Amino acid sequence: MDELIAGALKMLSHPLVHRIFWTVVLGLITIAISRVATKALRHLLNSDNNQLPTTSILINIVRAVIWAVGACIILDSVWKQNANAIITALGVGGIAVSLGFQDTLSNLIGGLQMTFMGIIKPGDNIEVGSESGVVQDVSWRHTTIKDSLGQTIIVPNSVISTTALVHLLPPSRVTVPFAVPRYKNDANENLSMDELANELIGMARTAASAVSPIVDGPKVFFSEITELGIKGTIVMQVKDSSKTSLAADAVVRAIADRMA
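An account of the accompanying structure is given in this report. (Residues numbered from 1 in each chain as written. Predicted model: local features only at pLDDT ≥ 70, side-chain atom pairs only at ≥ 80, totals over all residues. Heavy atoms only, no water.)

1. Quick notes on the overall build of the protein chain
Tallying secondary structure elements over the protein chain gives 8 helices and 8 strands in all. Across the 260 residues that make up the protein chain, the buried fraction comes to 28%. As displayed, the protein chain has an accessible area near 16600 Å², and 61% of this comes from carbon and sulfur atoms. (Helix = DSSP H or I, 4+ residues; strand = E, 2+ residues; numbered from the N terminus. Buried < 20%, exposed > 50% of the residue type's maximum accessible area, 1.4 Å probe, protein only. Areas by Shrake-Rupley, 256 points an atom, 1.4 Å probe, with all protein chains shown as cover.)

In structure tokens:
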């Protein structure tokens, strides 16, 4: 028994075991700092006074920096390796490697440019080339958007940074063109334009709110007077963007029932 204990103590006193032990300890500390920092960054990005978009590329950069610093500390203090020399060697080799990863680098630079310049952010409704949808996230390589059918579209950051980008109206915006006659009031008199607008607003609000809560509007904009009646557009914004088409359908049905 004494021999086993002596052998164990001798093994634990070996320099390699000490290095492995401190490598594990410093590695765990690095993991803990990385998790705390990324959690704090997420909280900061989600705050109301934040000017930067809540994209994963910023979080990934912070995580990579923390891991790089932790690795340098472990190499320098535990394994007695010159981290500066290793970084220099990697930098020289990185020039050759970068030639084979031009697309990856262009995507990374494009993602950083879009993030820090605030070109796009999660929630924006955009159109890039033939693709359109709501931005879900901007990573170090690509941007994820979701179209009106719920399909996920992956667009490389380099494509967005070099292609004409169109910021569309919010996906929750409901726009309903209409052409209605001059309604009569209870005294069989033509409604004034204000009265007609109020009646259309009331119908639109009742019909759309049954589908999804309304966060803005409805508003009525008249555009033309014809022999068949008055043309215009009803504009509103609902809370659930996935029910935009259903809300527009409900408003059209309500106007059609009133005209019948």
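2. Overview of the nonpolar core
The biggest cluster of nonpolar side chains holds 22 residues, and the ones touching the most others in it are Leu200, Ile234, Val251 and Ile255. Listing elements by their share of this core, those giving two or more residues are strand E6 (173-180), helix H7 (193-209), strand E8 (229-238) and helix H8 (244-259). Beyond its immediate stretch of four places on either side in the chain, Ile234 contacts Val174, Thr175, Val176, Phe178, Leu200, Ala204, Pro218, Lys219, Val220, Val251 and Ile255. (Core = buried A, V, L, I, M, F, W, Y, C linked by side-chain atoms within 4.5 Å. Contact = heavy atoms within 4.5 Å.)

3. Re the environment of Ser106
Mapped onto the fold, Ser106 is located in helix H5 (residues 102-116). With a relative accessible area of 29%, Ser106 lands in the partly exposed category. Once the C-alpha coordinates of Ser106 and Asn157 are considered, the two residues, 51 residues apart in sequence, prove to be 7.7 Å apart.

4. Quick look at the pairing of strand E3 (residues 142-146)
Summarising the sheet, strand E2 (residues 131-138) and E3 pair through 4 bridges and their orientation is antiparallel. Bridged to Val138 within E3 is Thr143. Counting the residues that bridge the hairpin from E2 to E3 gives 3 residues. Where E3 lies against strand E4 (residues 152-156), 5 bridges are found, and the strand directions are antiparallel. Looking at the pairing, Thr144 lines up with Ile154 of E4. (Pairing = 2+ DSSP bridges.)

5. Quick word on the sheet that holds E6
Pairing in this open sheet of 3 strands is antiparallel, and the strands run E6-E8-E7 from one edge to the other. Of all strands in the sheet, those with a lone pairing partner are E6 and strand E7 (214-226), marking the two edges. In this sheet, neighbouring strand axes are inclined to one another by 15° on average, regardless of whether the strands run parallel or antiparallel. Where E6 lies against E8, 8 bridges are found, and the strand directions are antiparallel. In the sheet register, Pro177 faces E8, and the bridge partner there is Thr233. Lying on the sheet, H7 is in contact with E6, E7 and E8; it crosses E7 at an angle near 135°. (Axes fitted to C-alpha atoms, helices over the stretch in contact; angles between N-to-C directions.)

6. Considerations on helix H2 (residues 15-45)
Helix length check: H2 (31 residues) gives 44 Å between terminal C-alpha atoms against 45 Å at 1.5 Å per residue, within 8%. Within H2, burial applies to Gly27, Thr30, Ser34, Thr38, Leu41 and Leu45. In this fold, the buried residues of H2 make contact with helix H3 (56-78). (Expected span 1.5 Å × (residues − 1).)

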